[in-house]
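Coordinate inspection notes
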Amino acid sequence: MKLFLNGEATSAADNATVAILLDQLGLPLNGVAVERNREIVPKSLYSTIRLADGDRIEIVQFVGGG
Amino acid sequence: MKLFLNGEATSAADNATVAILLDQLGLPLNGVAVERNREIVPKSLYSTIRLADGDRIEIVQFVGGG
Amino acid sequence: MKLFLNGEATSAADNATVAILLDQLGLPLNGVAVERNREIVPKSLYSTIRLADGDRIEIVQFVGGG
Amino acid sequence: MKLFLNGEATSAADNATVAILLDQLGLPLNGVAVERNREIVPKSLYSTIRLADGDRIEIVQFVGGG
Amino acid sequence: MPDTEASGSDKLIIAGKAYTSRLIVGTGKYASYAQNAEAAEAAGAEIVTVALRRVNVADKGSERLVDHVDPKRFTYLPNTAGCYTANDAVRTLRLAREAGGWNLVKLEVLADQKTLYPEMEETLVAAKALIKDGFDVMVYCSDDPVYARKLEDAGCCAIMPLGSLIGSGLGIQNPVNIRLIVEQSKVPVIVDAGVGTASDATIAMELGVDGVLMNTAIAAAKDPVRMARAMKHAVIAGRESYLAGRMPKKRYADPSSPLAGLI
Amino acid sequence: MPDTEASGSDKLIIAGKAYTSRLIVGTGKYASYAQNAEAAEAAGAEIVTVALRRVNVADKGSERLVDHVDPKRFTYLPNTAGCYTANDAVRTLRLAREAGGWNLVKLEVLADQKTLYPEMEETLVAAKALIKDGFDVMVYCSDDPVYARKLEDAGCCAIMPLGSLIGSGLGIQNPVNIRLIVEQSKVPVIVDAGVGTASDATIAMELGVDGVLMNTAIAAAKDPVRMARAMKHAVIAGRESYLAGRMPKKRYADPSSPLAGLI
Amino acid sequence: MPDTEASGSDKLIIAGKAYTSRLIVGTGKYASYAQNAEAAEAAGAEIVTVALRRVNVADKGSERLVDHVDPKRFTYLPNTAGCYTANDAVRTLRLAREAGGWNLVKLEVLADQKTLYPEMEETLVAAKALIKDGFDVMVYCSDDPVYARKLEDAGCCAIMPLGSLIGSGLGIQNPVNIRLIVEQSKVPVIVDAGVGTASDATIAMELGVDGVLMNTAIAAAKDPVRMARAMKHAVIAGRESYLAGRMPKKRYADPSSPLAGLI
Amino acid sequence: MPDTEASGSDKLIIAGKAYTSRLIVGTGKYASYAQNAEAAEAAGAEIVTVALRRVNVADKGSERLVDHVDPKRFTYLPNTAGCYTANDAVRTLRLAREAGGWNLVKLEVLADQKTLYPEMEETLVAAKALIKDGFDVMVYCSDDPVYARKLEDAGCCAIMPLGSLIGSGLGIQNPVNIRLIVEQSKVPVIVDAGVGTASDATIAMELGVDGVLMNTAIAAAKDPVRMARAMKHAVIAGRESYLAGRMPKKRYADPSSPLAGLI
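Throughout what follows, the structure given in this document is the object of discussion. Residue numbers here run from 1 along each chain, matching the order of that chain's written sequence. Whichever chain is written first becomes A and whichever ligand is written first becomes 1, with later ones labelled in order. Per-residue local features of the predicted model are confined to residues with pLDDT of at least 70, and side-chain atom pairs are confined, for both listing and counting, to 80 or more; whole-chain, interface and lining totals are unaffected and use all residues. The basis for the side-chain values is all heavy atoms of the structure; hydrogens and waters are excluded.

1. What to know about the sheet that holds strand β7 (residues 136-141) of chain F
All names here are of chain F. Formally: In short, DSSP must find at least two bridges between two strands for them to pair. Helix and strand assignments come from DSSP, with helices taken as H or I runs of at least 4 residues and strands as E runs of at least 2, each series counted from the N terminus. Convention adopted: a line fitted to C-alpha atoms gives each axis, helices being fitted over their contacting stretch, and angles between N-to-C directions are expressed from 0 to 180 degrees.
Taken in spatial order, the 3 strands make up an open sheet running β6-β7-β8, and their pairing is parallel. Bordering the open sheet on either side are β6 (104-107) and β8 (158-161), each of which pairs with just one other strand. Sheet twist, expressed as the average angle between the axes of neighbouring strands with direction ignored, equals 20°. Relative to β7, β6 runs parallel, the two sharing 4 bridges. Within the sheet, the bridge partner assigned to V105 lies in β7 and is V137.

Structure below.
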């Protein structure tokens, strides 16, 4: 299916969960936050929530800033 | 009748107009503004508007200020 | 004869007076001051004092300055 | 004999040396300096130099100062 | 005369009206209205701020400002000193308009008696209400450039940031913010409050502001009339200096006399 | 006119001569002698500093200062700019007296070209020699109040401490020393050098000095003539402000409008 | 060791947690995260501000802040730099809480890119929303004491007025307003933004603020790690100086050595 | 520990001897010698100035400085406070050398009791005499860079210009002159007198001076020992800041967080 990840079009396995997506991206479960269609996804639901075609996903982490 | 003039109780002739009140107080028509029960009284109506018992009247003028 | 005028070698008529030198240079008598061998020449003596060969002459005037 | 010690008249045993005077005053040999008639007395001579009647003696030490 | 020449080509325009003087003075705290008038005269002011207060019914004989400072000669600028809410300020200025018949007003909504600092939220609310009601609003405000922009966007005809607290005489505390406000504003910027001495006014004008409003600096000087005259010159000096463009600062010396031709 | 009234009762007396203007301007660094003259006019100056240099024998056609800045209208104050020893300074001023016939001179003996800082030992030596020789000596000096006193005791007719380095435009670096010099001096104190913009001149005058001498601040401004006019007003503003006596500074606010009679 | 003794009896309490260091540092603009970590170490900081940004999916190999500045050793304070509305700021901090699991955040809602001046209306809206949502909000704000009070009344756990514009290094522009905020606040006041050099930090602390937050002053110094150490001492110096209580200023001299007993 | 590391690579060398601390403190005006000693300890000072006075013959029981501030632990720096002529200063320091056996002295020849300003002519005379006599002379002087050079040329081992009048606490009045002295000097430059609070010391050090000498700022603080500790950190902060090299000042803002990757 198609996703918009951090503003850019990408694709993921159908019925992929957030956990699967993070794994596919090689990202850790900790230290990041995930927003699905403007809704924050709690870490506890990473393995249960399934993404849908056309979802807008934001994955963020901490970087240096003042 | 009784009036509250600039916050203090005072008395005026029954059916007195604003003009009569100002005259009674020895005040000029110009350079002052009159408020009756929180409503500004236009100069044009000073001679027609009649005060009623218990009216709250404010009469103000310009003073030195910064 | 030879003179050193404002630091540069120049020549003037033998026995020339200061007045003659100034005239030769097209300079006014006023507004300038003349020094001959480190001695100030008073205006009153411009026509009498005769210059000698090798004299070091300074002629100065006022210019803009702060 | 009479001495002027730090500006005030005082008396000391005849032929007293500087050492004797300091001892009489209960002052240590170190941490002070002695001036006799405007001349500094070296510590090495405290026991040899004898004071004379009328000598002007200054004895100073370090105090708090900025 | 240089001054007139200068000012002739350099007017302060507020709400469509041109003024030659860039110094607005208050009318409070003077020993007498007579001294007050003399000071306003010496300051060369064309606009004076005035307050609105209840007539003293008891003492009819008391002196009146208008008898000394002629409203025909000086533009009266009614203020809202003493108002701590938008409602009080709007009510006060509506009465002022009725009393004087003027649209040009100075809005100030204060936060507390200790600092008399502007209450910006209430000030913005009051400004919008007054402008809707047809007033020309000169607004006393903080030196927050963001709020200054909001007040200008709301339609205020002059932005009047404080130099420092009213009556403190602490001068221009934040020249950077004043400069930012000057750079962004399309309406006149007038430093209101904080000037304590003549050089404060010159410094303010050198930042590029269009005028200065003051009261205590003149009224509380040992010789108010003389200080008023000082302020007149201080404002002209600062304005001319700003327009002339100052020399660059240098870390070392630079001779003023020619090096050539030394004996 | 207020200004004249003011100055009428408040003259600057140097070596027995009274001046209305407290602003002395230099005549160096201008685009032309014509601009120079216009600026001196706009500054309202009565005294201008001038330098003494060798006549340019080669180019007789070159313009002369006296043709633009009339010595009959402006008091010429010959300086010793470029002199690094007492001898050179004395020699220069003797020539200046012969050339112009004036006794009033500005003495400056400089230490080095980088700072043009006054060489105080040499300055004092030169001052004594010149005074012995009948000159009226206005002396450029550091802001050391001790040396200022020595120069006054030697008989100088004006003490002229620097505000900051010549041509630097860094303003009054040490107001405390200037104040100390003002408090102790019986002859006029004139801040010489350092003024960069109008407010610097106002600040100097507010310290109580009797006048200000400047060159670069005017000549190096983008619009020298306009800056000259700014400086005229700045000096008057500072003088009047000093004489008027400023308000006290306050830590908190103090209202300018009456608290009584609020609706 | 004096420092520890001092700090031992003088902690900074934010949202119920005690800190020994009063210096909060940013983690932006460094040459590398390694240098960043070394500087935070030298500064003796216990809290570091961090930003939240999209992971770089393309370049997985890129260094991560957490690998250099250990969140177990330093309290991460997520900021909202780059947010110009209350909504963006709230959204950003909710994500930050999810990413890090911390409630303590730094709220900043900016007005424009040129000044990065706080947008106070939006800042207040965002602060209320975040506090309602259970955040401990340290808020970047203007030096308007009235708004500072509103933010404290809304429940912010630290008031953080700017000294001057972010990244400008112009120091404490308005010490009077900072002082007023200090006098009125019951929660910690931390000067955020504007510090350019060590003395700026000392001056801020001497005004009585409880801490200083800086980034560019350290990161943009020629030697960031050395400047970080300088800032550590500067903040301690200012704090101790404030608590010690400075000597009164005098107009004249006052000898430090006894007058008695002179030879 | 950062401090030691820092100082380890950055010593103050006076007359061939290396010092870790750049803060020299006086020993006057304290409530007691005990407090005095505690303050010197907290300041981390290695050198303390002391005065020479007549022993009190009448009261032998009176406390002695040496019993509290150990000359073996602190380098005693005898001063000439109270001397108004070169002769008195030379005589005093010869006695000091005899009393303590040290060559390192602080020379100060004062002009008058009101300002305690240095008498530069006499100071230079005394400096030459003392150097000829084998003393290592640290010299209190004005901030006149020309005289500073003469004193260095005469062989003084440290130039100690005043920040402002002794005991005034008015801070660094003329940073430009201090900077000029720093730029030209090959021996240590130590600001002596004028520091009133910690930030004054930091500012002085940021100008590049090698050290600061103070007495009243510590002794006259409400809590002298705490202020001594503040000054220790203030001097380190200023030194490290000077060596680190401050960020450039900017007229506008400059964000500290990345613009890329915003959600």
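2. Observations concerning the relation of the copies chain G and chain F
Put simply, the rule is: Fitting of the copies onto one another was done by least squares over C-alpha atoms, counting residues only where both copies have pLDDT of at least 70. Should any heavy atoms of two residues lie within 4.5 Å, those residues are considered in contact.
Of the transformation superimposing chain G on chain F, the axial component is 0.0 Å and the angular component is 180°, with the fit at an RMSD of 0.0 Å. When the rotation and shift are considered jointly, the pair of chain copies conforms to a two-fold rotation axis. Closest approach to the rotation axis within chain G is made by the C-alpha atom of G:K249, at a distance of 7.7 Å. The share of interface residues of chain G whose copies in chain F are also at the interface is 100%, consistent with both copies meeting through the same surface.

3. What about the nonpolar core?
So the rule is basically this: Note on terminology: a nonpolar core comprises buried Ala, Val, Leu, Ile, Met, Phe, Trp, Tyr and Cys residues joined through side-chain atoms within 4.5 Å. Think of it in three bands: with a 1.4 Å probe and only protein chains considered, a residue is buried below 20% of the maximum accessible area for its type, exposed above 50%, and partly exposed in between.
Core analysis: the largest hydrophobic core is formed by 153 residues, its most contacted members being E:L107, E:M231, G:L107 and G:M231. For E:L107, the contacting residues outside a window of four places in its chain are E:T80, E:A89, E:L93, E:T123, E:A126, E:A127, E:L130, E:V137, E:M138, E:V139 and E:Y140. Counting 152 residues, the second-largest nonpolar core is a separate cluster that includes F:A40, F:I172, H:A45 and H:Y76.

4. A short note on the interface of chain G and chain F
Using the following cut-off: Accessible surface is computed with a 1.4 Å probe, and the buried area is the amount of it that two parts give up when combined, taken over both parts together. When a carboxyl oxygen of Asp or Glu is within 4 Å of a side-chain nitrogen of Lys or Arg, the pair counts as a salt bridge.
Of the residues lining the interface, 5 residues belong to chain G; the matching set on chain F comes to 5 residues. With both chains or domains summed, chain G and chain F bury close to 470 Å², and 34% of this area falls on carbon and sulfur atoms. Taken as a group, G:R179, G:R251 and G:Y252 account for 77% of the area that chain G buries against chain F, more than any other trio of residues on that side. Our count for the chain G to chain F interface comes out at 2 salt bridges. Across the pair G:E183 and F:R251 runs a salt bridge, and its minimum N-O distance is 3.2 Å.

Any link to function would need more than the numbers given here.
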